Amino acid sequence: MPYNKIHVEPITGTIGAEISGVDLQNLSAETIAEIRSAFLEHVVIFFRDQPLDIPQLKTFTSHFGSFGIEPYVKTMTEHPEVIAVVKEADEVNTINFGGHWHSDWSFQEAPPMATILHSQDIPPYGGDTVFANMYLAYETLSDGMKAIIDPLIAIHSARRPYGTGKSILGNSKRKSMTILHSEDAHAEMEHPVVRIHPETGRKALFVNPVYTTRLKGMSETDSREILDKLFHHSVREIFTCRFRWRVNSLAMWDNRAAMHLALNDYDGFRRALNRTTVAGDRPFGSAMRGQQEHVA
Ligand code: SIN
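The shown structure was predicted, so the numbers you read here are calculated from the model rather than taken from an experiment.

In the vicinity of the ligand, the contacting residues are Val 85, Gly 98, His 102, Asp 104, Leu 117, Thr 129, His 260, Ala 262, Arg 271 and Arg 275. Here an oxygen atom of the ligand and a side-chain polar atom of His 260 are 3.0 Å apart. Alone, the ligand offers 260 Å² of accessible surface; in the complex the protein occludes 100% of this. Counting residues per element, the ones that place at least two in the shell around the ligand are β14 (258–262) and β15 (271–278).

Here it is in structure tokens:
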């Protein structure tokens, strides 16, 4: 699509674009509309050289909707909408936050539509974030596989990272971030395996290895087999892009059509970013036809 207010440069042929010619502290309605179009078109968009303090990051976020709800991680005291994603230089051999493929808070009834991450301290190398295009993950499946998964419902839960058992995040007494483990994290939420994007109308795979625990109505073994196949397929290199952070970079991804993970290859250096989410709606898919009237 033509952009008049911003310059949009794709960084791969399948996902991700860098946007320039814009100051995120001063945005007209027309520029915001173009940013939203680029976000929908490229799934994840990146900006460079955007010094934003916390109120400015919140103002930028609010151009796209209301704030999402941030559970299980202690947010900034003065700013409950913001999580400081930090790993300190001396936190070596620890599991980093966001270090497994996931889409944010997919266990919520209405997971965030977007996540926004703004960088403060970046290691001299490493700590890149990788994104996968879940539209393409779906569209490139065989017709047979699509027919199998189109009607399926997946169960999502926060229990693996945030439950009271052994956590995939390792020791919760990390220095830099406070994880709030809870019985609540064991609750289960049903979402369609294939969701229809409410803005683009495209179908996207909506399962992820962190929060999707099983498929409804299937044995553990069948469920595992199908999910593992989907997870493996979703992160084929051709569907991904990798973002090298610099200080004052900002990434904004469509959480309805992307998975992401943060690489943990920078022991000995500090990495710090501020994160907000934009509230989304309840995922709807072909598995839920007939329930459409109940979906916002
Ligand atoms: C996240 O999963 O939201 C964090 C990603 C990152 O730190 O790059």
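Having seen the model, we can carry on.
So, about the packing of aromatic side chains. A complete count under the given rule lists 12 aromatic pairs for this structure. When the centroid spacing of 5.8 Å and the interplanar angle of 45° are considered together, the rings of Tyr 72 and Phe 107 count as tilted. Here Tyr 72 is found in the loop between α2 (54–62) and β4 (83–87), whereas its partner Phe 107 is found in the loop between β4 and β5 (114–121), with 35 residues between them in sequence. An identical accessibility class is assigned to Tyr 72 and Phe 107; each is buried. Residue Phe 107 is classed as buried on the basis of its relative accessible area, which comes to 11%. Between Arg 275 and the ring centre of Trp 105, over which it is positioned, the NZ or CZ distance is 5.0 Å.

Conventions we followed
Residues numbered from 1 in each chain as written. Predicted model: local features only at pLDDT ≥ 70, side-chain atom pairs only at ≥ 80, totals over all residues. Heavy atoms only, no water. Near = heavy atom within 4 Å. Polar contact = N/O pair within 3.5 Å; in protein donor to acceptor, adjacent residues only side chain to side chain. Areas by Shrake-Rupley, 256 points an atom, 1.4 Å probe, with all protein chains shown as cover. Helix = DSSP H or I, 4+ residues; strand = E, 2+ residues; numbered from the N terminus. Phe/Tyr/Trp six-rings, centres within 6.5 Å; stacked < 30°, edge-to-face > 60°. Buried < 20%, exposed > 50% of the residue type's maximum accessible area, 1.4 Å probe, protein only. Lys NZ or Arg CZ within 6 Å of the ring centre and 35° of its normal.

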